[in-house]
Every structure is written in C-alpha cells, then in structure tokens.
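# A structural walkthrough
If you want the building blocks of each chain, they are given just below.
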2 protein chains.
Amino acid sequence: MPEITFLPQNITVEINLQTKTNADAAPRSSLLEAARLAGVSVETPCGGAGICRKCLVKIISGEVEVKSGSYKNEKENHVLICQANILDSDVTVGILSGLYTEKGSFDDDINNIIDFEINPGVKQIDLQAAKSNYLDGLSDLDRLTNALKKTLPDNFADIKIPLPVLNILPVKLRQNNGKIKVIYYFDNNILNIISIENTEKSDINNMYGVAIDIGTTTVTLWLADIITGEIISKKTDYNDQIECGLDVISRINYAQKNSGELKRRVLKTVNNLISQTAGENNIDINRIYRASIAGNTVMTHLFLGIIPEYIRLDPYTPAVFKVPAFNSLETGVNINPYAPVSFAPSVGSYVGGDITAGILSTPLCKDEDNSGIILFLDIGTNGEILLGRDDFILGCACSAGPAFEGGGIEFGMRASSGAIDDFKIDENNNIIIKTVNNAEPMGICGSGIISVTAEMFRRGIIDAAGRFTDKMPEKINKNKKPYKFYITDNITLSEADIDNFIRAKGAVFSACRTLLNSAGITFGDIDKIYIAGGFGKYLNINDAKTMGLLPNIAEEKIIYLGNTSISGAYQMLISEEKRRKVSETSEKITYIDLSGETGYMDEYIAALFIPHTDIDLFV
Amino acid sequence: MPEITFLPQNITVEINLQTKTNADAAPRSSLLEAARLAGVSVETPCGGAGICRKCLVKIISGEVEVKSGSYKNEKENHVLICQANILDSDVTVGILSGLYTEKGSFDDDINNIIDFEINPGVKQIDLQAAKSNYLDGLSDLDRLTNALKKTLPDNFADIKIPLPVLNILPVKLRQNNGKIKVIYYFDNNILNIISIENTEKSDINNMYGVAIDIGTTTVTLWLADIITGEIISKKTDYNDQIECGLDVISRINYAQKNSGELKRRVLKTVNNLISQTAGENNIDINRIYRASIAGNTVMTHLFLGIIPEYIRLDPYTPAVFKVPAFNSLETGVNINPYAPVSFAPSVGSYVGGDITAGILSTPLCKDEDNSGIILFLDIGTNGEILLGRDDFILGCACSAGPAFEGGGIEFGMRASSGAIDDFKIDENNNIIIKTVNNAEPMGICGSGIISVTAEMFRRGIIDAAGRFTDKMPEKINKNKKPYKFYITDNITLSEADIDNFIRAKGAVFSACRTLLNSAGITFGDIDKIYIAGGFGKYLNINDAKTMGLLPNIAEEKIIYLGNTSISGAYQMLISEEKRRKVSETSEKITYIDLSGETGYMDEYIAALFIPHTDIDLFV
C-alpha cells in the first residue's frame, strides 16, 4: 500500500488502491480522498471539478496521475489535488493553500517590531567625480576614490571594489559627466563597493533586501525596501531538500552522501522565491543589496555547503556558530553579487539562528537592565527554549515530536480552516466545538487538542494519566484499543493520541523546569513568557495550564510572537544595530544539552501527568 | 598574394603562390621558403625532412597545409615549418625555437637580483587546534580562530576564510587530531586564509608562486619556490590575443567589439603556461599561493577585462593605475583560488607595469639617496624611458617602431642565430661580418644595423642624412630606389632601411633629451644608464654613440638588464618589500606625454641626423 505524506502537516496515511473494473487500468485511488483521510484541510469550492484551482498542491516526491486536460504547472510540479490519482508508489504532497498565513506572521505587529532606527548598513551616495584630466596622473579609480574620500564623513582604511564593478567604471564615469551613485557598506573599516549606478534613472533610490527563514520543511522570504523598512512581499515555499529527508537527522545522513545536492536544493528554493517576489514587483534582483538569513544549525550548515555530520556525533561540535562575512556570490544567493549576506548565529547543535533571530522580538535583546526574567518558547517538532535576563541566558532544545502541529494524532491537523480549536461540554453533556474560520470540522489542531483534553480532564472523562474513565461512555468506543472519544461522528481522539500529546507537553514543560533549576529560580520569578510559532495563535491559556503545558502564570504575562525566525531575520536585514545585538546576545547564551543534564529525566517523568505530579505548580 | 607574418620578429612577407603542374591542385608555396624570404631564422638540421622537429612553429592565425603523416600538435596548433605549405590565405606564424632565450634573461644575474630578504607575504603556520569539547560553546571555526590568535605574533583585526575552506574545515580538523597547516596572508590588518592543509604530507612545506610578464606579443612565466626564491621553470608563449591584432592599438579597437574575448585569450595563454610548468615539475597548482603580474597599461586593462578605449582617447585616462587587491578566483588565474594576485602599477597610458616592475632592477627603487641620476631605457617597438633619482622620476614613452628588433628593415631579424651583429670594413675595403653563434648569415639584427651604419658613416659611405655617397660604389646598387648596399651577396641594407633606423634612434634619443630638458640637466649629469630588453645584449657602445643613439658616456656607466618586466614581477612575487617599493616609486613618476611637450618635435628633427645636429653631444 503506498504511503502518502502531506506537508507541512507531516501526516502520513496508507492508501488501499481501488482496482477499476477496466482490467487494463492499473489500480489507483484519489489523492483528494487521501487528503481527507489524513485530515488535511483542502479547499474545494468548485466541488472537485478542477476549475477553481484552490486545491493546488506541489508533488514534492513520487508520482501521481493527473486527469488529462486538467491544469498543472510542470516546472513547479504543481497539480490540482482534485484531479490527481495515486498510483502504486509513495508520494509526498506539499499543501500550498494558506502555506504562509498558517505559519503565523507579523502582519499586525509589524509596527511593533520597528522600534529602532532603520539602518541596513548598506548605503548609497551620489558622487561627482572630478573631470578626467590630461596628465593629472589620476586614473578613473583614483577619481572615484578621491570623490568617496571627499564626500563621505566616515574615515576608512581602504576601498574594495569588485572586479566586474571596476570593469564598468570607465563607462559609468563618462555616461553622466562623472555623476554616479555608489552603493557600499563597511566591513572592518574597509569600504566595500557593491555597485556603481547611474544617477539618471528615477527609480534608482530604491534599495531592497531579502530576509529569509530557512526551515527544515518550508522556506519563507520577505522582500523589503531597506530604506523605509516596508515589506513588499512575503512568500513561503517548501524547502526543496524535503526529497532528501523530512527531518534534520535524515538530512544529516543524506549530506554524508551528497552535501552539495542539499546546498543546491535549498538555494533553488531560495532563488525561486527571490525571482518570484522580485518579478511580481518589477524589481531588478541586482537592486537587492542585502540578505539576512535565519535557520537552525543544521540548515545553516547545509546552506553553506558544510557537512553537518559532527553536529550529531559526540562531542557535538558544529563547524560554525557565527558565520563570517560572505557576499551573495560566495553563498549562491541570487541577488546583487556583491551584496553582503548575514546569518543569525547559532549557539548549539539544536539551538540555531532561527532562535537567536527570534530573540530580537523579545526584551532579551534589549539594552535596558530591567526587563525582568523572560521565558522564550519556540514550540514545534523541535522545541527550543530560552530563559534569561539581559545578563544571562540559558538555552536548550527538546524533542517534542509533531503533536503540537497535529502530527502523530489520528485526526490531527494544522490550525487551518476546519481545524477544531475549541471544545466545551455543556451541563447536558452536549459537545460544543469551534473550528478555525467556523468551517466544517476537518480535524484537530494543536491548540484544539489542548482544549479537548483540558475539558475532558476537567469533566473527569480522562484521568491524570490520560486514560478514559467511565464518564460519557456514549461518546467512547472501548471495543478495541486504542480507545476513542467521538468529538463528532467522524472525528475522534484516542488514548494513543492523548498519550502522544502528554509526552509532547511533558518534554516542553520539563525542559523549562530544568532551565529554571539550572538558574536556581522558579516559574514565579518569570516576568514574561514569549511564545513563537504558529502554535500559540489559538491557544487557550487556561486549557494549557490545566494540561500542565504552562504553569500558573497570569495571562497578561504571555505574549504570542508568530514566526520569530523570519521577523528576526527581517530586523537583522534593516538594522545594523540589530545584527550587532543578535551577535552579542548569542554570546550570552549558555547552551544546555538536556540529555546530559542530571534531573531532566525525573522532570520529564513527573510531567507525564495531567497537569503534573507536583500539582502546586498549577494553582 | 597571401601575407605571411612571422612573430615575434613581426616581419611580414607577401608570397607568390606556385601553381603545380597538376591542374586539380590549388596553388601553394612552402612556408619554409617564406621564412627564409622574411629573413627569419629557422633551424633545420635534418634538412627539412620533418624528422628533427627543431622547426616547430605555432600557427597563430590563418591556415596552412601540412604534409600528410608529418608531426603536428593540433591542441597547440604547432606544425613543422618544413612540412607546411601556404595556401591562398594570410597566416601569422609564431616561431617557437629560442623564443625565451632570445628575449634576454636573468639566468646569470639572478643572484644579483636577490639582494633582499625573501618574504612573499604569504605565510604558513602549523597549528594545534584545541580538542573539540562537549558543550564548551566552541565551533570548529572558533577553535581555528583561537589557535591562530594564540600562535601568531601578529595582531589582526579579523579573519577572512573562504567558504570552500570553511566547508572542509570540520574534516581537516579531525583528520590529524587538530594538527593543521594554515596558509594565509595579511591585507589591511585582516588575516586572509588561503588554504588549510594536512600536516602529514612531507611535501607540504613547499610554497610556490608565479611571476608573469604579459607582453603584447609574448607572455613569459616564471614558476618559483616562494620560500627559497628558487626559479623552478621559465616558459614563454605567444599571447593568444595576437589573432585579435598585433599591436596595442589594434587590441584596443578589438576590445570595443569584444573585450571579454581578449581577457579569455590572455588567460588561456597564462593558464596554459601555469599548467605546463606546474605539470612538468609535478606541482599541484593549488600549491601556487601567489601571482605577480607585470604588463603594459593596455595589457593590464585587458587582463582585468576593462575596456581600454579611454587610454587612447583624449584626455587619455586609464581606468586604473594601481590595481586593487584581487585573488586568483576573481582574476581567473588558475592557481589556488584564494591566492593573492598583485599587479605592477602603471603610471601613464604608455608607461605601464612592465616598466615600473623593471625599476626594481635599478637603483631608482633603492632607499639610498646617493644613487645618482639614472636613465632607464626599455627599447622595443615602444620605447619607454625613465630619468630620475630617488626623489624624482620623469617617464615617457616614444614610438620607435620595430627597427630595433629588425622590423621594417628588409633583411632585419632578431638577434638570433645567423643575425649579423658586427660589421667592419678593413683597409682593403673587405667587409668583415660577425653573426650570432657564427652561423651562416641570415639577416641583420638591431645591434647589427647600428654596427653596419656606424661603420658606413665612419668610412664616409653614408652621409649625416643616411644617404649613400660615392664611396665603395662596387657594393652599392643605385640602379633603382631605394639604393642598396650589399653586405653579402644576398643580404642588403637600403637607404630606406637606414632611414627607418635613423627615425627609430631619433625617437629614443630625442625622448631622452626632452626628459633631460624637463629636469634641467644634461647627459653629463647622468651617472648610470640601464638598458632593458633583448636589444642591448649585442650592442656596441661606440657604434651606438657614432650613430647618435647614445650620448658620449663612459662604457662602464651602461648596464644591460635583459627582460626587466619578468624579473621585476619575480621580485614582487617573493618580496613584500619590493611590492611596497614599486608602489611607492611609481607614485614618484611624473608622466610626460611627448606629443604634448614643447620642443620635442625640434629635438626629434635634430636627432634625424648622424649622429645629431648638435655634434657636441657625442664628443
């Protein structure tokens, strides 16, 4: 039976192929059916007629059969899910609809981010070079150098000019009587010229940059005007590395065979996103003068073409934490070839640039020394947690599994249309559910699972170990294991699902506790909890406390941040100060490897109950 | 009639094709005959049987017919001249035999050059990186950086590591328990890593470099051990740009159509020379860690891919005099990709890096302030002249034409085997000639022309205007113009030849005089004359004085230097100090454009007599 995996949900279903009556035809089954079986939300307003194109997906690996004449984009490997049949092979399908918005964004909070001066570090200056003069002993380069020295307030030790820019200098200097615009940045007191342009064109004052979040599953890019900070376009696509493995460990394994391919694949994704966003906005990619990249430690290594093998081998030493200065030509990012490319620094094998970039959206990166104690949670398949203040930060990573994103849960799904995100049982034992967008219920998202289990626990339907009691037997099927609770006629939550979720919340909670113990403080000392990632968006704090995911902490102390990796990369893009901050702050982080930490296993086991063996933490 | 041009002599002959009796066969003529007609020396010890391979030539452009079965090298376009026939098309032929040695070399003087400390600026250091340690917060790059900081005495602001070197760092650090060798250089107080290597291999301490003289016609490369200074190999080949024009002006014109092609062509020549010399000496080209390049201003521009158009357009402003720091990857030189490539600076449109590199072999580059006044002559088709002391230098270029190299003279040839280089008439009016290598006379080289004309002038056979008198009428054919003097039965010197030579010597002498006038001094103030180029090798000083090429100056004040462009590039290769010197000295040079100099035309006309209208200069 072929296995069909849906991303970004990372849900796999096995499909029984239906044999057609026509004996010649190979057995096949509908891909749309598989998506429904997996509980993956796919909009089909045209009723599966192949007209509305709302159900476009990307076939990431494997092959499907597409009905003849139906729309497809062969270059991107996009097909309409309602027009595709599964054949006898495994397929990985990337859902495209709502890919970005479901990950959480800063759309609403963008004004909150820019509480700093915009200074991307890439500058432009209009120059008037001296007229070329018979026998004055000055070359074109001398005239450029003199004009720069005369016009710039900064002192600098030297000027670096790329050879291709020098090549066109004679022409540029003569096109407009020596009037030119120089795009440059400083590195170590050396003025690095990126580009020399004409001053005639009216659009020339615009300078662009790209912020990129390299995720294991998806890559998100923001194209921004780096002078105003305006975000011009946001786009997300699947990381083309997916075909080489779904998680970082399988990528590391693949890289041992062929690390070059993984680099090529992620660059393909990034460069496609750049050319698409630039093209849609009529922006010349040569006008993109800076890139800023945040990714986890493994993604950063693979992006640079470094074999990440030693990250997972004792003593777990990555090749690089702070990535040195490279330009886009060196890294392969297809923008202006001499644009600087900055990377958010990593601090440990599993606390990478996605987290350090995320810090920029918290007070941990602030200079003020009275921001109090902060807990920063980025919860996904890998949960990363920081605890600290301006003068110390502890960081760790825990493997929560995919339960928070709906993975490993039979009817789990992401927090997209039709996901149950709220669940109540009224005094008459009627179940009242709410779904995202109030759509037809399709499955349960992470916050929904918390809501369902919390309500069940409060009503005594499950016990502290997550087992069904004898309450509401009419909703529970105990005929075979795992026992199931019927949320609707079609959507159930089993004891196995609950177990998976308890282990996920236990991993995160015990990681927090271990950090607190290391710092010699308690939850009561925490002033603010920042939660990153799409997970937090629909979270009910009371339910999270009931389940023991969060301690008893006032709701106003909890702040949701969305995708802080991309918003951090964006801040680094437009602010030299933020790049300095993230670098300085990363140096303050003490990385704690939980697997080597005494007491972590005890904490974990204690957290495998609802809410916890130590009930005092939650009252 | 097809025109056949022979290089490096730059002699062109027109050939009457012989029609074979066989009516089907196209008319053809022997290439060897053409060479003899051109007075180009070609050794054929096997008598033209195609066996000895001594007459190998390179067909630079056009096509020849080669006898079937005869030796040829299709990749290099090498054929045996004795086995080749001219068809009905123009051909440019590059003579290979003795290509290098005829240009003069430093073989004998190499010990004189190295009167300085060898310090190529590229260094190697053996390091022991700290053991990678569980949770010490150090990446591989941190361990490298710490080891460098600990071991190196120098302070440095930053470290630059090329991405491909960072890519292999994790493996290199683990291959030999953290023992590595780092190859690096400093630029602006930043440590630039070129390469990281294993310390196991025994040959690893060798570091190599290449010095390259980019001539308009030929490219010469010296492969050297940059630790000891030992020159491992010397090789010269034709500049592959020749097909795009023989002189710098035609190259500039060609570059307007396609400057990229000229860059590709010279790089092809350079990279062939590198791979040949490295291959012959079993040297890995990645062990070549520095390149040093000297070429005239146009050649330097073309090498860098810069359109040289504005060099010859009023107000004659080159794009660059001092070439900024580039590495070999940027410039396209096929050695270690991160090796620094240095260029000798230019100072004017026609006083380029070949001359400034040449200064390194003269006291003009010395620090001592009592070196006296120096005249530095690099005489070829373009004569470049420097006049100065440690505190001032004047420089100019003059167009002498090809006469000094045997061009524009009917029986002219280079100073190779069979060239008449000395000529006397005894009391009985017998002619006594000496040839290079005492070989059968083939023609007259530059110094030979000086010798012949000086003796004729002393004996009253020609007058001060270079016209034949009535003396020795038995040797002079006055039946048709130009009148000819029979040196041998087959070799003549005509009034037209003498005229060409007088104009050449007049151009050089008047250029010297103009520089002296600018400086307000006379020939009597000159302490030393340094003569670069192959020309000086067989020069008779008395004859040169008689003809008015040189003033009346004591013979011991005149020093011959050979090819100072390549020997200067070599000095720059192995000495940071020499690179600094050549840069500083080039800044002292005031470039004088003779065409704009009052008085130059008067000086030139005065010098068109033997020896000069002002006879006092030569007594």
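Remember, it's a predicted structure, so these values are computed and weren't measured experimentally.

### Looking at the sheet that holds strand β5 (residues 64–66) of chain B
Strand order in the open sheet made by the three strands is β3-β8-β5 (chain B), with antiparallel pairing throughout. Two strands lie at the open edges of the sheet, namely β3 (29–30) and β5 of chain B, each paired on one side alone.

### Considering the confidence of the model for chain A
On average, residues of chain A carry a pLDDT of 89, and 94% of them reach 70 or more. Of the regions scoring below 50 in pLDDT, residues 101–111 of chain A engages in 25 contacts with residues more than four places distant in sequence or in other chains.

### Quick word on the sheet that holds strand β27 (residues 484–486) of chain A
All names here are of chain A. The three strands lie next to each other as β26-β27-β28, forming an open sheet whose pairing is antiparallel. In this open sheet, the two edge strands, each paired with only one partner strand, are β26 (476–477) and β28 (492–494). One ladder, built from three bridges, connects β27 with β28; its direction is antiparallel. Across the sheet, Tyr486 pairs through a bridge with Thr492, a residue of β28.

### Focus: the packing of aromatic side chains
Under the criterion given, the structure shown has 19 aromatic pairs over all chains. Aromatic pair Phe423 of chain B and Phe485 of chain B: ring centres 6.2 Å apart, planes at 70°, arrangement edge-to-face. With Phe423 of chain B in strand β23 (residues 419–425) and Phe485 of chain B in strand β27 (residues 484–486), this pair connects stretches of sequence that are 62 residues apart. Aromatic rings pair up to connect Phe156, Tyr184 and Phe186 of chain A into one cluster. Looking at Lys481 of chain A, its charged tip hangs above the ring of Tyr483 of chain A, at a distance of 5.3 Å from the centre. Directly above the aromatic system of Tyr71 of chain B lies the positively charged group of Arg53 of chain B, at a separation of 3.7 Å from the ring centroid.

### Re the relation of the copies chain B and chain A
Least-squares fitting of chain B to chain A yields an RMSD of 0.1 Å, with the transformation described by 0.0 Å of translation along the axis and a rotation of 180°. Expressed as an axis order, the relation between the two copies is that of a two-fold axis. Considering only C-alpha atoms, the part of chain B nearest the rotation axis is Asn188 of chain B, at 4.6 Å. Interface overlap between copies is the fraction of interface residues in one copy that are interface residues in the other; for chain B against chain A it reaches 98%, indicating a shared surface.

### Observations concerning helix α9 (residues 446–458) of chain A
Given 3.6 residues per helical turn, the α-helix brings residues three or four places apart onto the same face. Residues and elements named next belong to chain A. The end-to-end C-alpha separation of α9 is 18 Å, in line with the 18 Å expected for 13 residues at 1.5 Å each. Of all 13 residues in α9, eleven are buried, a share of seventy percent or more. Turning to α9, its buried residues are Gly446, Ser447, Gly448, Ile449, Ile450, Ser451, Val452, Thr453, Ala454, Glu455 and Met456. Where α9 ends, the next residue or the one after it, Gly460, has phi of about 75°, a positive value.

### Remarks on a nonpolar patch on the surface
Together, Tyr134 and Leu135 of chain A together with Tyr316 of chain B line one region of the surface with nonpolar side chains, adding up to about 250 Å² of accessible area. The exposure class assigned to Tyr316 of chain B is partly exposed, which follows from its relative accessible area of 35%.

### Considerations on the interface of chain B and chain A
With 47 residues of chain B in contact, the opposing surface of chain A contributes 46 residues. Across the chain B/chain A interface, buried area totals approximately 3,700 Å², and carbon plus sulfur atoms make up 63% of it. Ranking the residues of chain B by area buried against chain A places Tyr134, Leu163 and Tyr310 of chain B at the top, with a combined share of 16%. Connecting chain B to chain A are two salt bridges. Residues Lys160 of chain B and Asp187 of chain A are paired through a salt bridge, measuring 2.4 Å at the closest nitrogen-oxygen approach. Where chain B touches chain A, the interface holds 16 residue pairs in polar contact (both at pLDDT 80 or more). Take the side of chain B that touches chain A: its biggest share by element is six residues, from helix α4 (residues 163–175) of chain B.

### Remarks on the environment of Ser575 of chain B
Residues and elements named next belong to chain B. Its location among the elements puts Ser575 in the loop between α12 (564–574) and α13 (576–588). Separated by 454 residues in sequence, Ser575 and Gly121 have C-alpha atoms that sit 7.0 Å apart. Residues within four places of Ser575 in sequence aside, it is in contact with Phe116, Glu117, Asn119 and Pro120. A polar contact of 3.3 Å, which involves the side chain of Ser575, links it to the backbone nitrogen of Glu577.

### Considerations on α12 of chain B
Residues and elements named next belong to chain B. A large share of α12 lies buried, amounting to eleven of its eleven residues. Looking only at α12, the buried set comprises Thr564, Ser565, Ile566, Ser567, Gly568, Ala569, Tyr570, Gln571, Met572, Leu573 and Ile574. N-capping of α12 is provided by Asn563, with a side-chain oxygen placed 3.0 Å from the backbone N of Ser565.

### Things to note about the pairing of strand β29 (residues 528–532) of chain A
Residues and elements named next belong to chain A. Burial analysis of β29 places four of its five residues in the buried class, the great majority of the element. Note that β29 and strand β30 (residues 558–562) share four bridges and pair parallel. By the bridge assignment, Ala532 is partnered in β30 with Gly562.

### Overview of the pattern of salt bridges
Taken as a whole and assessed by the stated rule, the structure comprises 52 salt bridges over all chains. The shortest N-O distance in the salt bridge between Asp499 of chain B and Arg503 of chain B comes to 3.6 Å. Note that Asp499 of chain B and Arg503 of chain B are positioned in helix α10 (residues 495–519) at a spacing of four residues, about one turn of the helix. Given the relative accessible area of 26%, Asp499 of chain B is considered partly exposed. Put simply, Asp240, Glu243, Glu261, Arg265 and Lys268 of chain A are held in one network by salt bridges that share partners.

### As for the side chain of Ser139 of chain B
Tracing the backbone shows Ser139 of chain B in the loop between β10 (122–128) and α3 (140–151). Apart from residues lying up to four places away in sequence, Ser139 of chain B is in contact with Thr317, Pro318, Ala319, Val320 and Phe321 of chain A.

### A few points about unusual backbone geometry
Each neighbour pair has its own omega, and for Ile610 of chain A with Pro611 of chain A the value is -10°, a cis peptide bond. Its place among the elements puts Pro611 of chain A in the segment after α14 (600–606). Unlike most non-glycine residues, Asn189 of chain B shows phi in positive territory, near 65°. Within the secondary structure, Asn189 of chain B is located in the loop between β12 (179–187) and β13 (190–198).

### Thoughts on the pairing of strand β4 (residues 56–61) of chain B
Residues and elements named next belong to chain B. Within β4, six of the six residues are buried, which leaves the element mostly enclosed by the surrounding structure. Sheet topology places β4 next to strand β7 (residues 78–80); three bridges connect them, and they run antiparallel. Bridged to Lys58 within β7 is His78. Note that β4 and strand β9 (residues 91–95) share four bridges and pair antiparallel. In the sheet register, Val57 faces β9, and the bridge partner there is Ile95.

### Topic: the side chain of Asp426 of chain A
All names here are of chain A. Along the chain, Asp426 turns up in the loop between β23 (419–425) and β24 (431–435). It turns out Asp426 is buried and unbridged, and the closest side chain with the opposite charge, Arg459, is 6.3 Å from it. A polar side-chain atom of Asp426 sits 2.9 Å from the main-chain amide nitrogen of Asn428. Residue contacts for Asp426: discarding those within four places in its chain leaves Ile432 and Arg459.

### Side note on the packing of α12 of chain B against α13 of chain B
Residue and element names in this part refer to chain B. Close contact between α12 and α13 brings their axes to 5 Å; oriented N to C, the two are set at 125°. With respect to their mutual orientation, α12 and α13 come out oblique. Between α12 and α13, the contacting residues are Gln571, Met572, Leu573 and Ile574 on the first element and Glu576, Lys578, Arg579 and Val582 on the second. Tallied by class, the residues present in the contact of α12 with α13 amount to four nonpolar, one polar and three charged.

### Comments concerning a negative patch on the surface
A contiguous patch of negative charge, built from Glu3, Glu14, Asp88 and Asp90 of chain A, is present on the exposed surface. Mapped onto the secondary structure, Asp90 of chain A falls in the loop between β8 (84–86) and β9 (91–95).

### Remarks on the packing of helix α5 (residues 248–280) of chain B against helix α6 (residues 297–304) of chain B
All names here are of chain B. Contact geometry of α5 with α6 gives a least axis separation of 7 Å together with a crossing angle of 65°. The hand of the α5/α6 crossing is right-handed. Here Val248, Arg251, Ile252, Ala255, Leu262, Lys263, Val266, Leu267 and Val270 of α5 come into contact with α6, specifically with Val298, Met299, Leu302, Phe303 and Leu304. For the contact of α5 with α6, the residue count by class is twelve nonpolar, no polar and two charged.

Rules of the game
Residues numbered from 1 in each chain as written. Chains lettered and ligands numbered in written order. Predicted model: local features only at pLDDT ≥ 70, side-chain atom pairs only at ≥ 80, totals over all residues. Heavy atoms only, no water. Pairing = 2+ DSSP bridges. Helix = DSSP H or I, 4+ residues; strand = E, 2+ residues; numbered from the N terminus. pLDDT = per-residue confidence, 0-100. Contact = heavy atoms within 4.5 Å. Phe/Tyr/Trp six-rings, centres within 6.5 Å; stacked < 30°, edge-to-face > 60°. Lys NZ or Arg CZ within 6 Å of the ring centre and 35° of its normal. Least-squares fit on C-alpha atoms with pLDDT ≥ 70 in both. Expected span 1.5 Å × (residues − 1). Buried < 20%, exposed > 50% of the residue type's maximum accessible area, 1.4 Å probe, protein only. Patch = residues over 30% accessible without salt bridge, like charges linked within 9 Å, V, L, I, M, F, W, Y side chains within 5 Å. Areas by Shrake-Rupley, 256 points an atom, 1.4 Å probe, with all protein chains shown as cover. Salt bridge = Lys/Arg side-chain N within 4 Å of Asp/Glu carboxyl O. Buried area = accessible area lost by both parts, 1.4 Å probe. Polar contact = N/O pair within 3.5 Å; in protein donor to acceptor, adjacent residues only side chain to side chain. Lys, Arg positive; Asp, Glu negative; His and termini not counted. Axes fitted to C-alpha atoms, helices over the stretch in contact; angles between N-to-C directions. Parallel < 35°, antiparallel > 145°, perpendicular 65-115°, else oblique. Nonpolar A, V, L, I, M, F, W, Y, C, P; charged D, E, K, R; others polar. Charge placed at Lys NZ, Arg CZ, Asp CG, Glu CD. Left-handed = near helix turned anticlockwise from the far one by under 90°.

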